[in-house]
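So you can see what is in the structure, the chains are spelled out below.
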Amino acid sequence: MKNKKPFIIEILISVILISMSFLVKSNYYSTMLLSMGIGIMVASAVQLIRIIYWENPKRNKEYEAKKQEAHINCVDERKQYLRMKAGHITYQIMTFSLIILSLILALIRVDAWVIAMIFLLFILQWVVGVIVFRMLEKKM
């Protein structure tokens, strides 16, 4: 029950969002609330079904083997290094993508606030990367 509780809470939140969508007069915000509620409800329901499926006593051996493999993957130094390397490469790709996107938007003369928002996302990503690096550097 402990691992099901967060998903049950999310389903209750989604019911609240769906019911609020019927009370909102604006069609735009009503649709937004309804979509968020349905999305959260479906995702939580799928996770609950997955938990119930794997907790079935028939699948206990298979589930234990799967949990053991996940534990090994978490503590394996090679896999930890690969995850860190993948995060680093993704960070670099997103940095260059945001800069190139802001350049392309500037060349096609998009509104200045859109270009500024993309560029500020680049700055935010860079600042967060530096802060996280400094925090990790102090820990190790």
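Our structure's up above, just so we're on the same page.
Here the structure is a predicted model, which is why all the values come from computation and not from measurement.

Visitor: Looking at this structure, how should I read the overall build of the protein chain?
Guide: Per the secondary structure count, the protein chain includes five helices and zero strands. Whereas a compact globule of 140 residues would reach a radius of gyration of roughly 14 Å, the protein chain reaches 22 Å, over 25% beyond that. Taken along its principal axes, the extent of the C-alpha atoms in the protein chain is 60 × 55 × 30 Å. When burial is assessed residue by residue, the protein chain has 16% of its 140 residues classed as buried. Within the protein chain, counting contacts between residues at least 6 apart in sequence, those at least 24 apart form 44% of the total.

Visitor: What exactly am I supposed to notice about the packing of helix H1 (residues 5–23) against helix H2 (residues 27–55) here?
Guide: Packed helices, taken two at a time, are described by their axes: the angle between them and the distance between them. Where H1 contacts H2, the axes come no closer than 8 Å and their chain directions differ by 160°. By the criterion of interaxial angle, the relationship of H1 to H2 is roughly antiparallel. Regarding H1 and H2, the two cross each other, and that crossing is left-handed. Residues of the contact of H1 with H2, tallied by class, amount to 17 nonpolar, six polar and one charged.

Visitor: Which parts of the structure should I look at to understand the packing of helix H4 (residues 77–107) against helix H5 (residues 112–139)?
Guide: At a minimum axis separation of 9 Å, H4 and H5 run at an interaxial angle of 160°. As judged from the angle between their axes, H4 and H5 are roughly antiparallel. Where H4 crosses over H5, the two elements pack in a sense that is left-handed. Note on element contacts: H5 touches H4 through Val114, Ile115, Ile118, Phe119, Leu121, Phe122, Gln125, Trp126 and Gly129, opposite Tyr91, Met94, Thr95, Leu98, Ile99, Leu101, Ser102, Leu105 and Ala106.

Thresholds, definitions, all that
Residues numbered from 1 in each chain as written. Predicted model: local features only at pLDDT ≥ 70, side-chain atom pairs only at ≥ 80, totals over all residues. Heavy atoms only, no water. Helix = DSSP H or I, 4+ residues; strand = E, 2+ residues; numbered from the N terminus. Rg over C-alpha atoms; globule rule 2.2 N^0.38 Å. Buried < 20%, exposed > 50% of the residue type's maximum accessible area, 1.4 Å probe, protein only. Contact = heavy atoms within 4.5 Å. Axes fitted to C-alpha atoms, helices over the stretch in contact; angles between N-to-C directions. Parallel < 35°, antiparallel > 145°, perpendicular 65-115°, else oblique. Left-handed = near helix turned anticlockwise from the far one by under 90°. Nonpolar A, V, L, I, M, F, W, Y, C, P; charged D, E, K, R; others polar.

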